[in-house]
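# Examining the three-dimensional arrangement
One letter stands for each residue in the lines below.
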Amino acid sequence: MKPSWIRVVLRRPNALVGGGLMALMLLAATVGALRTPYDPIIMDFDAILQAPSAAHWLGTDEWGRDVLSRLLAGATITMWIGLLVVVIAVVVGTLVGELTGFMGGWTSRCIMALMDALQAFPSLVLALGVMAVFGPSRHGVVAALGLAYLPAVVRVVRSSVLSLREKEYVEASRVAGNSELFTLFRHVLPNSLSPIIVLATALFGWAVLSESALSFLGLGVPPPAPSWGGMLADSRNYFERAPWLAIAPGLCISLTLLGINLLGDALRDLLDPRMKNL
Amino acid sequence: MTIEKPPAASMRGDDPVLGIEGLQVDVRTPERGWRRVVRDFDLELQAGEITALVGESGSGKTMIGRAILGLLPPVAEVRGGDIRFGDTALVGAGEAQLRRLRGREIGMVFQEPMVSLNPALRVGAQMTEALRLHHGVSAGQARSQCLAMLERVRISDPVACFNAWPHQFSGGMRQRIMLASVLVMRPRLLIADEPTTALDAIVQKEVMDIMVSLSRDTSTAILLVSHDLSMVAHYADNVIVLRKGETIESGRCTDILLSPQHEYTRTLLGALPSRTTTAAPPSADARPLVEVQSLRVEFTRKAVLFWRKPTIVRAVEDADFSIREHETLAVVGESGSGKTTIGRALMRLTETQAGTIRFDAEEITGLDGAALKRHRSRAQMVFQDPYSSLDPRMNLGDIVAEGLRNLPGLSKVERKQRACEMLAEVGLPGDYADRHPHELSGGQRQRVCIARAIVSRPRFVVADEPVSALDVTIQKQVLDLLETLQTRFGFTCLFISHDLGVVEQIADRVLVMYRGRILESGSRDDIYDRPLHPYTRRLLQATPRIMRTESGGYRLHEHEALPREAPPGYRHYNHGSIPGVPLTPEPPLMIENSPGHLVACVPT
């Protein structure tokens with residue numbers, strides 16, 4: 001008999017498709033970091049805007065750079081930014097949300113007021129502000145987007161904690177003599193995971209899109225380093241003459257988003273003992 | 001005393017209002033395909049008659065009610081049989097045709113009065129809406145008809161009610177308004193799905209009395225769906241007992257009560273709580289384990305506008321009582337009486353504003369840190385809702401073992417070991433320790449809660465409505481289990497309940513509460529046989545009960561305690577608990593009427 005988790009995964013096409021897509025993208029990112037068919041940065045003015053061919057599988061861009069190579073190299077940067085943003089926003093946001101939601105009191109109120117103030121700015125504007133201060137760089141993008149998405153995570157986590165706090169099993173843990181922190185991490189945090197996972201997957205998508213928006217405004221990953229968002233932004237001017245320039249990174253972004261959303265759904269179900277028999 | 005029911009309004013042998021023959025309903029389940037939830041169900045309901053469908057959860061009673069209206073949930077489907085309403089066949093009728101019948105010809109009252117009125121519309125708007133839609137009367141006529149109906153459901157100021165919002169009313173009032181807005185349509189059939197389950201005993205009696213008398217006047221037939229046999233026995237003419245979709249027994253209510261034929265009906269009736277002649281309660285001079293003096297608990301409710309002062313609600317005021325070692329003290333009262341707050345205060349889950357609580361001669365109101373931890377290893381709690389009191393992500397072994405986490409000197413393995421033993425003790429042996437809460441039924445979950453509470457061998461257990469979410473047969477098992485464990489482990493118990501039947505079975509002594517005040521306290525027999533305070537009497541009279549007769553059958557039992565005067569020199573304390581009598585503004589004194597039997601009074 002196969003281990004149970006394999007059966008569970010096999011029974012969920014979501015997990016399989018999502019996992020497969022994400023594995024593919026991570027593979028692309030790894031390959032992109034190690035080796036690409038052409039150098040993704042050096043320009044080649046003899047091969048400007050070439051359609052896909054045997055030499056350039058996905059064609060070339062307006063500077064004559066190989067799209068496939070840039071796509072692979074861009075995968076490294078884009079995935080890295082997306083993952084880092086999600087990790088920062090989710091880890092910090094979850095901790096802040098859990099603590100403020102569970103403990104209450106004046107400190108919590110102040111922190112929430114701060115979060116509300118942050119949320120009052122559109123996240124992109126906030127990111128723009130941060131980037132303007134730090135200047136365009138990869139880590140700047142990560143910090144800016146992480147901060148911009150923090151309030152959303154805090155809000156979601158906090159609201160789920162507020163409802164979990166009233167559950168009788170939380171009360172029961174208190175009655176058993178457990179400390180507040182133990183109760184929080186043992187009973188409240190695991191039960192608030194579902195919305196966090198769903199939000200984290202959505203965040204990854206937003207991060208990728210925002211990164212492209214920032215790159216488009218010249219505040220993202222500084223050129224000539226490739227990122228999917230930047231490639232998509234640059235393709236705009238040549239859309240009629242060279243549609244492959246938009247299609248390739250666009251498709252990559254879409255597939256990544258699809259993959260991570262499916263994976264997130266499956267993960268949420270896998271981590272929930274109530275769903276085991278379905 | 002057996003109650004004579006007035007004969008049903010129509011014994012004329014007309015065509016039935018509602019006829020159901022061979023009804024089959026199936027439900028689609030994800031793993032096993034179609035499952036039958038109602039099998040070969042027959043029913044004939046005459047005008048002015050009340051027929052009750054009785055059964056435990058999963059018996060299909062609600063499905064039948066919904067099938068009549070064509071309101072089955074999307075996963076359910078009528079797979080055969082015939083439902084006739086007058087001359088109309090309802091199975092297979094079009095949506096437009098059903099819509100014309102709903103409301104106008106067939107009314108429905110739902111279980112949850114708190115959510116069945118639209119909070120965004122004034123009461124009047126909701127009532128007149130359907131009337132104008134179906135009967136095409138003018139706004140003025142609709143209004144006068146509604147006002148008349150509100151008066152008939154005994155709402156004291158119909159005009160004010162007509163212009164008020166639903167949230168301004170309590171559950172019982174809303175259910176009356178609901179009833180009025182359904183009956184104002186003069187339907188020929190009223191389907192009442194657990195209409196009073198969410199209500200307290202006294203309110204339940206009022207609502208049921210109104211519903212029955214109104215329908216007799218208008219010769220509306222009622223299909224009463226309920227799990228409560230005692231209530232059904234008091235009000236219905238005919239009863240149909242269901243189990244797992246099958247009709248077990250049907251007939252006149254009195255016949256079925258007097259001589260239940262089927263084993264299952266007997267089990268249901270036998271499971272009704274009754275007074276057992278338990279061993280004498282612990283003698284009066286037994287040492288008190290818990291002593292409470294002048295306890296006051298307040299809650300602050302924030303004002304709507306932030307510059308206003310918050311309002312302070314006194315949930316418990318000036319409570320004095322003690323619980324002796326090994327006894328079970330029950331606190332009874334309706335919702336909002338403060339009974340749960342008292343239990344939570346004893347567990348230190350709620351802060352207290354005044355008074356003392358002594359546990360084993362130690363003051364516990366100021367405890368914190370390690371001392372509080374120690375208190376919680378001696379006192380434990382069983383919660384009301386078995387569906388929210390177990391962490392869904394943990395298995396049962398871990399849940400129960402957590403009760404031992406704060407006992408010194410136990411390894412993880414030992415804790416798990418003892419948890420498994422405890423689970424076996426409450427009837428969940430073997431591999432139950434590895435299961436998760438969602439795999440269990442409500443009764444099994446409550447067993448886990450009990451196991452978790454007493455695995456650390458506490459001296460004191462607060463049981464907050466531990467059986468009120470369970471079916472009667474399960475309720476009996478859990479109560480029996482609690483009693484067995486109490487004999488075995490000898491813990492003292494504070495049992496909180498709104499159900500006087502359950503309390504009668506399990507309590508040694510009883511406290512009666514109303515709006516934060518203790519009105520009466522005494523031994524169980526004092527309270528049930530010789531109630532002093534008018535409120536206690538009213539509570540007892542409002543609780544429908546069925547008693548076993550010598551011949552093995554059952555009969556309805558109406559409480560016969562006579563009104564009694566307050567002790568000489570005093571009159572009964574009244575802060576709203578005695579309707580129609582002037583309030584007594586001064587705080588009450590607890591006067592001992594006979595040894596151990598105290599009642600709230602004020603000097604005359």
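About the criteria used
- Residues numbered from 1 in each chain as written.
- Chains lettered and ligands numbered in written order.
- Predicted model: local features only at pLDDT ≥ 70, side-chain atom pairs only at ≥ 80, totals over all residues.
- Helix = DSSP H or I, 4+ residues; strand = E, 2+ residues; numbered from the N terminus.
- Buried ≥ 20, exposed ≤ 12 C-beta atoms within 10 Å, placed from the backbone.
- Contact = placed C-beta atoms within 7 Å.
- Rg over C-alpha atoms; globule rule 2.2 N^0.38 Å.
- Pairing = 2+ DSSP bridges.
- Axes fitted to C-alpha atoms, helices over the stretch in contact; angles between N-to-C directions.
- Core = buried A, V, L, I, M, F, W, Y, C linked by C-beta atoms within 7 Å.
- Nonpolar A, V, L, I, M, F, W, Y, C, P; charged D, E, K, R; others polar.
- Expected span 1.5 Å × (residues − 1).
- Arc of directions from axis to C-beta.
- Parallel < 35°, antiparallel > 145°, perpendicular 65-115°, else oblique.
- Left-handed = near helix turned anticlockwise from the far one by under 90°.

### A closer look at the overall build of chain A
- A tally of helices and strands in chain A yields 11 helices and zero strands.
- When the helices and strands of chain A are placed in sequence order, the string is α-α-α-α-α-α-α-α-α-α-α.
- A buried classification covers 46% of the 278 residues belonging to chain A.
- Sequence separation of 24 or more characterises 68% of the internal contacts of chain A that already satisfy a separation of 6 or more.

### Focus on the overall build of chain B
- A count of helices and strands for chain B gives 19 helices and 25 strands.
- Its C-alpha atoms give chain B a radius of gyration of 26 Å, near enough to 25 Å, the size a compact globule of 604 residues would have.
- By its C-alpha atoms, chain B is 75 × 65 × 60 Å across when sized along the principal axes.
- In chain B, which comprises 604 residues, the proportion classed as buried is 47%.

### A word on the sheet that holds strand 12 (residues 311-324) of chain B
Residues and elements named next belong to chain B.
- Taking strand neighbours across the sheet as the criterion, the four strands line up as 12-11-14-15 in an open arrangement whose pairing is antiparallel. Edge positions in the open sheet fall to strand 12 and strand 15 (362-363), since each of these has one partner strand only.
- Sheet topology note: the strand 14 (residues 354-359)/strand 15 ladder contains two bridges and is antiparallel. Bridging from a neighbouring strand, Arg-358 pairs with Glu-363 of strand 15.
- Sheet strands touched by helix 11 (residues 339-346): strand 11 (288-301), strand 12 and strand 14. Its angle to strand 12, the strand with the most contacts, is close to 65°.

### Regarding the sheet that holds strand 9 (residues 238-243) of chain B
All names here are of chain B.
- One open sheet holds the six strands; their spatial order is 6-7-8-3-9-10, and the pairing between them is mixed. Only two strands of the sheet have a single partner each, and these edge strands are strand 6 (106-109) and strand 10 (246-252). The average undirected angle you get between the axes of adjacent strands in this sheet is 15°.
- By the bridge criterion, five bridges tie strand 7 (residues 189-193) to strand 8 (residues 221-226) in an arrangement that is parallel. Across the sheet, Leu-190 pairs through a bridge with Ile-222, a residue of strand 8.

### Notes on the nonpolar core
- Core analysis: the biggest nonpolar cluster contains 158 residues, and A:Leu203, B:Val400, B:Leu423 and B:Phe495 have the highest contact counts within it.
- Sorting elements by how many residues they give to this core places helix 3 (residues 67-103) of chain A first, with 15 residues.
- With residues up to four places along the chain from it excluded, the contact list for B:Phe495 reads B:Thr328, B:Leu329, B:Ala330, B:Ala463, B:Val503, B:Ile506 and B:Ala507.
- In terms of nonpolar packing, the next biggest core, distinct from the first, is built from 82 residues, B:Leu23, B:Phe41, B:Ala233 and B:Val241 among them.

### So, the interface of chain B and chain A
- Across the boundary between the two partners, chain B contributes 23 residues, which contact 17 residues of chain A.
- Those elements giving two or more residues to the side of chain B that touches chain A turn out to be helix 12 (369-378) and strand 16 (379-382) of chain B.
- Of the residues forming the side of chain B that touches chain A, the biggest block, three residues, is contributed by helix 12 of chain B.
- Here the side of chain B that touches chain A is composed, by residue class, of seven nonpolar, eight polar and eight charged.

### What to know about helix 4 (residues 139-152) of chain B
Residue and element names in this part refer to chain B.
- Taking 1.5 Å of rise per residue, 14 residues should cover 20 Å, and helix 4 covers 20 Å from first to last C-alpha, within 8% of that figure.
- Every buried residue of helix 4 is listed here: Ala-142, Cys-146, Met-149 and Leu-150. Along helix 4, the residues classed as buried sweep out an arc of 100° about the axis, all on the same side. Relative to its buried face, helix 4 has exposed residues pointing more than 90 degrees away, namely Gly-140, Ser-144 and Ala-148.

### Quick look at the environment of B:Leu372
Residues and elements named next belong to chain B.
- Structurally, Leu-372 is set in helix 12.
- Residue Leu-372 is classed as partly exposed on the basis of its C-beta count, with 14 C-beta atoms lying within 10 Å.
- With 24 residues separating them in the primary sequence, Leu-372 and Arg-348 have C-alpha atoms 8.3 Å apart.
- What Leu-372 contacts, discounting residues up to four positions off in sequence, is Arg-348 and Leu-367.

### A short note on the packing of helix 4 (residues 105-120) of chain A against helix 6 (residues 138-165) of chain A
All names here are of chain A.
- Running from N to C, helix 4 and helix 6 point in directions that differ by 130°, and their axes come no closer than 8 Å. With respect to helix 6, the axis of helix 4 lies oblique. In the crossing of helix 4 with helix 6, the sense of the turn from one axis to the other is left-handed. Across the interface between the two elements, Met-115, Leu-118 and Gln-119 of helix 4 pack against Leu-150, Pro-151 and Val-154 of helix 6.
- In terms of residue class, the contact of helix 4 with helix 6 is built from five nonpolar, one polar and no charged.

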